[in-house]
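Results of the structural survey
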Amino acid sequence: MAEPVLSVADLSVRIAGLHILQGVSFDVAPTGVTVLLGRNGVGKTTTLRAIVGLTPRGGEVRGSVRMGARSLLARPTHRLVRDGLGYVPEDRCVFAGLTVAENLRLAERRGVAPAYDKVFALFPELERRGRQRAGSLSGGQQQMLAIGRVLLNDNRLLLVDEPTKGLAPKVVTEVAEVLERVAESVPVLLVEQNLAVVRRLATDAVVLSAGKVAWTGDAQELLLETALTKSLLGVGSGSGEVHA
Amino acid sequence: MNTVVLLTLTGLGLAALYFLVASGLSLVFGLADVLNFAHGLFLGVGAYATWWASGNLPGAGPDGFGFVLAVVFGVLAGSLVAVLVELVLIRPLYSRTIEQVLVTVGLSLAGVALLQATWGADPRPFPRPDWSRGVTSVLGAQVPNAGLLLIVAAAVVLGALLAFLRWTRYGLIIRAGVENREMVTALGIDVRKAFTLVFAIGGAAAALAGALGGVYFGTVSPGQGGSLLIFAFIVVVIGGMGSVVGSAYAAVAVGLLQQFVNYYGTSGLGDLCVVGLLAVVLLLRPQGLAGKVAHA
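Owing to the predicted nature of the structure, the values given are computational and were not obtained by experimental measurement. (Residues numbered from 1 in each chain as written. Chains lettered and ligands numbered in written order. Predicted model: local features only at pLDDT ≥ 70, side-chain atom pairs only at ≥ 80, totals over all residues.)

1. Concerning the overall build of chain B
Here is the rule: Elements are defined by DSSP. Helices are runs of H or I of four residues or more, strands are runs of E of two residues or more, and each kind is numbered from the N terminus. Here the globule rule reads 2.2 Å times residues to the power 0.38, and the radius of gyration is calculated from C-alpha atoms. Counts of 20 or more other C-beta atoms within 10 Å of a residue's own C-beta define buried residues, counts of 12 or fewer define exposed ones, and intermediate counts define partly exposed ones; C-beta atoms are placed from the backbone. Note on contacts: each residue gets a C-beta atom placed from the backbone, and two residues are in contact if those atoms are within 7 Å.
A tally of regular secondary structure across chain B gives eleven helices and four strands. The C-alpha radius of gyration of chain B comes to 19 Å, within 12% of the 19 Å expected for a compact globule of 296 residues. When the backbone C-alpha atoms are referred to their principal axes, chain B occupies close to 55 × 50 × 35 Å. For chain B, with 296 residues in total, the buried portion stands at 54%. The contacts in chain B between residues at least 6 apart in sequence include a share of 78% that link residues at least 24 apart.

2. Considering the nonpolar core
All names here are of chain B. Stated precisely, the cut-off is as follows: The term nonpolar core refers to a set of buried Ala, Val, Leu, Ile, Met, Phe, Trp, Tyr and Cys residues connected through C-beta atoms within 7 Å.
Formed by 180 residues in total, the largest nonpolar core has its most connected members in Tyr18, Leu20, Val21, Leu208, Ala232, Val235 and Val254. No other element matches the 18 residues that helix H1 (residues 2–32) contributes to this core. For leucine 20, the residues in contact, after removing those within four places along its chain, are Ala154, Val157, Ala205, Ala206, Leu208 and Ala209.

3. Side note on the packing of helix H6 (residues 145–167) of chain B against helix H7 (residues 169–185) of chain B
Residue and element names in this part refer to chain B. Stated precisely, the cut-off is as follows: Each axis is a line fitted through C-alpha atoms, and for a helix only the stretch in contact is used; angles between axes span 0 to 180 degrees, taken between their N-to-C directions. In what follows, roughly perpendicular refers to angles from 65 to 115 degrees, roughly parallel to angles under 35, roughly antiparallel to angles over 145, and oblique to any angle outside these ranges. Gly is placed with the polar residues, together with every amino acid not listed as nonpolar (Ala, Val, Leu, Ile, Met, Phe, Trp, Tyr, Cys and Pro) or charged (Asp, Glu, Lys and Arg).
Relative orientation of the contacting elements H6 and H7 amounts to 85°, with a least axis distance of 5 Å. One way to sum up the angle between H6 and H7 is to call them roughly perpendicular. Residues Phe164, Leu165, Arg166 and Trp167 of H6 pack against Gly171, Ile174 and Arg175 of H7. Here the contact of H6 with H7 is composed, by residue class, of four nonpolar, one polar and two charged.

4. Concerning the sheet that holds strand E1 (residues 6–15) of chain A
All names here are of chain A. The line we're drawing: By definition, two strands form a pair when at least two bridges between them are found by DSSP.
Overall, antiparallel pairing links the four strands, which are arranged E2-E1-E4-E5 in an open sheet. Two strands lie at the open edges of the sheet, namely strand E2 (18–28) and strand E5 (70–71), each paired on one side alone. Pairing of E1 with strand E4 (residues 60–67) involves six bridges; the strand directions are antiparallel. Each residue of the ladder has a partner; that of alanine 9, found in E4, is serine 64.

5. Digging into the sheet that holds strand E8 (residues 188–191) of chain A
All names here are of chain A. Strand order in the open sheet made by the six strands is E6-E7-E8-E3-E9-E10, with mixed pairing throughout. With partners counted over all chains shown, the strands left at the sheet margins are strand E6 (85–88) and strand E10 (212–218), one partner each. Taken pair by pair, the neighbouring strands of this sheet meet at an average axis angle of 20°, ignoring direction. Looking at chain direction, E6 and strand E7 (residues 157–161) are connected through four bridges and run parallel. Across the sheet, the residue bridging to valine 88 is valine 160, located in E7. Lying over the sheet, helix H1 (residues 44–51) contacts strand E3 (33–38), E7, E8 and strand E9 (202–209), oriented at roughly 145° with respect to E7.

6. Remarks on the interface of chain A and chain B
Taken together, the contact between chain A and chain B spans 20 residues of the former and 17 residues of the latter. Contributing elements (two or more residues each) for the side of chain A that touches chain B: helix H2 (77–82) and helix H3 (100–106) of chain A. In terms of residues, the side of chain A that touches chain B owes the most to one element, H2(A), which gives four residues. Partitioned by chemical class, the residues of the side of chain A that touches chain B number eleven nonpolar, three polar and six charged.

7. Looking at the pairing of E4(A)
Residues and elements named next belong to chain A. The pairing of E4 with E5 spans two bridges and is antiparallel. By the bridge assignment for E5, arginine 66 is matched with serine 71. The loop that links E4 with its antiparallel partner E5 comprises two residues; one of these, glycine 68, has a positive phi angle of about 65°.

8. Section: the UniProt feature "transmembrane region" (unreviewed entry) in chain B
Residues and elements named next belong to chain B. Going by this rule: UniProt positions are given in the numbering used here, feature names are shortened, and annotations may be inferred rather than shown by experiment.
Following the UniProt record, the feature "transmembrane region" (unreviewed entry) maps to residues 6–27, 34–53, 65–89, 101–121, 141–165, 194–217, 229–256 and 263–284 here. Secondary structure within residues 34–53 divides into 75% helix and 0% strand; the distance between the first and last C-alpha atoms comes to 31 Å. Within the segment residues 229–256, helix and strand shares are 86% and 0% respectively, and the terminal C-alpha atoms sit 17 Å apart.

9. Here we look at H7(B)
Residue and element names in this part refer to chain B. Note the following rule: In this scheme, a helix's expected span is set at 1.5 Å multiplied by one less than its residue total. The angle between axes fitted to the seven-residue stretch ending at a residue and the seven-residue stretch beginning at it gives the bend at that residue.
Between its first and last C-alpha atoms H7 spans 15 Å; for 17 residues at 1.5 Å apiece the expected length is 24 Å, and the helix comes up short by more than 12%. Of all bends in H7, the biggest is about 115°, found at glutamate 179. The element H7 is extensively covered by neighbouring structure, given that twelve of its 17 residues are classed as buried. Inspection of H7 places Leu172, Ile173, Ile174, Arg175, Ala176, Gly177, Val178, Glu179, Arg181, Met183, Val184 and Thr185 among the buried residues, and these make up the whole buried set.

10. Re unusual backbone geometry
Residues and elements named next belong to chain A. Positioned with a positive phi, alanine 16 is a non-glycine residue whose angle comes to about 50°. When you line up the elements, alanine 16 lands in the loop between E1 and E2. By C-beta crowding, alanine 16 is classed as exposed, having 8 other C-beta atoms within 10 Å. Phi at alanine 210 takes a positive value of approximately 50°, unusual for a residue other than glycine. Assignment of secondary structure puts alanine 210 in the loop between E9 and E10.

11. Quick look at the confidence of the model for chain B
Low-pLDDT portions of the prediction should not be read for the details of their coordinates. Inclusion rule: Confidence scores per residue from the predictor, reported as pLDDT, run from 0 to 100.
Across chain B, the average pLDDT comes to 92, with 98% of residues at 70 or higher. Here the prediction assigns the complex a pTM of 0.88, and the interface score ipTM is 0.90.

12. What to know about the environment of Val157(B)
Residue and element names in this part refer to chain B. Note that valine 157 resides in helix H6. We classify valine 157 as buried; it has 22 C-beta atoms within 10 Å. Separated by 77 residues in the primary sequence, valine 157 and isoleucine 234 have C-alpha atoms spaced 20 Å apart. Apart from residues lying up to four places away in sequence, valine 157 is in contact with Leu20, Ser23, Ala205 and Leu208.

Now the structure itself:
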């Protein structure tokens with residue numbers, strides 16, 4: 001494997017007395033989509049939030065997270081993001097009271113030309129709806145905005161948390177198409193429950209179980225092993241979504 | 001008719017005072033989740049700094065441009081103290097609500113004690129421009145100029161705040177941060193700078209309230225900030241945490257209610273009605289008139 005873009009080693013997270021991650025270790029390849037899988041509540045979102053420095057205050061994080069030679073755990077979130085760690089959170093988290101244009105403008109950085117051309121090429125609707133309040137967009141449009149916001153700047157790695165959650169099947173396909181195009185130019189660490197999307201996008205897979213890594217390897221191989229996916233994820237690989 | 005006009009305009013003057021204190025308080029709470037009980041101290045610092053400057057600062061005085069200079073000095077002093085409080089005392093305590101409350105309550109008590117120790121507990125006559133002692137005839141009512149000054153100042157501050165929130169980068173960050181501070185950080189923005197900025201703005205507005213309140217009441221005393229802060233908190237809760245426009249609406253409602261009920265009822269009944277209004281709003285609309293979102 002080529003030099004990983006992100007290395008997570010022995011990552012442990014304890015929040016409010018609960019030991020949510022217990023020594024998680026995995027690498028993210030410098031190309032393609034590495035998908036983080038597991039049943040509900042195994043610590044997938046906690047892993048992404050720990051990487052990007054958003055563990056709730058009072059939470060305890062141990063271990064090592066490195067992007068190249070740089071250690072990430074001690075750095076504040078805004079620095080990590082400026083260093084090229086793009087984060088699209090679960091539930092989109094667009095600013096409902098701001099317009100679409102304002103949501104995008106917020107992601108602009110001083111001295112860096114924002115890539116509006118790239119974003120509007122991927123999401124032409126965002127340009128048309130620039131003056132609309134983000135809170136009045138559909139779930140799919142909000143997801144486009146959340147991804148577009150991150151793509152305004154160059155990223156070394158994108159962390160994307162359940163981008164298809166709660167979306168209509170047609171919109172799920174659109175989001176998957178977009179992520180596929182995005183992954184051509186930047187590696188993605190994706191948390192996803194929809195196995196159809198995983199099958200389409202993922203190159204590598206990391207499966208968590210009860211706060212530990214239960215399996216790592218080629219994502220397509222995992223999906224071919226029905227018994228394995230059933231034991232790790234609770235469903236057969238022919239199913240659409242993972243359910244606990 | 002004359003009485004209604006007079007009560008309306010003096011009520012709006014009181015509302016202006018409440019708004020100047022509440023707007024900063026609301027933004028600070030909305031963005032940084034800090035319940036700042038020391039906000040009244042910024043008002044006291046502004047009032048005393050203006051009072052001091054009018055007698056001691058070269059070029060400053062009780063009238064004309066000298067008075068403007070004294071007020072500017074007072075506003076800068078209040079803003080500076082607010083920034084120092086944020087940087088030194090509040091910043092290490094973000095997300096530690098109980099410690100914040102203890103520190104800001106302690107600071108407000110210590111601040112009042114410091115002002116008393118320095119300039120005495122008794123009210124001091126405030127240097128007022130001559131024109132502010134007069135009245136202006138509005139629809140037959142003789143309205144004190146000091147009240148009109150407060151109304152104009154609050155309107156200017158409201159307009160400036162809305163323009164700042166609507167048109168500037170930091171205004172955008174503050175509006176977004178009021179909604180979801182964590183996500184602002186996740187876009188690569190150091191939200192702590194915005195915290196400091198809202199403290200500076202809130203401190204300046206409160207200090208302006210202190211200076212103009214001195215003109216309105218004619219005196220300045222160490223406890224003035226604390227007594228106004230109680231009503232400012234009520235205004236913030238009624239208006240909605242983080243909403244400047246909500247604070248403006250709520251300040252007008254509270255100021256007018258107080259003034260009319262105190263006049264037509266018995267003195268002090270207006271204050272009780274304000275508490276009643278707070279209870280009604282909390283029961284019917286707990287998020288306040290304008291919710292948590294700071295719309296420009």
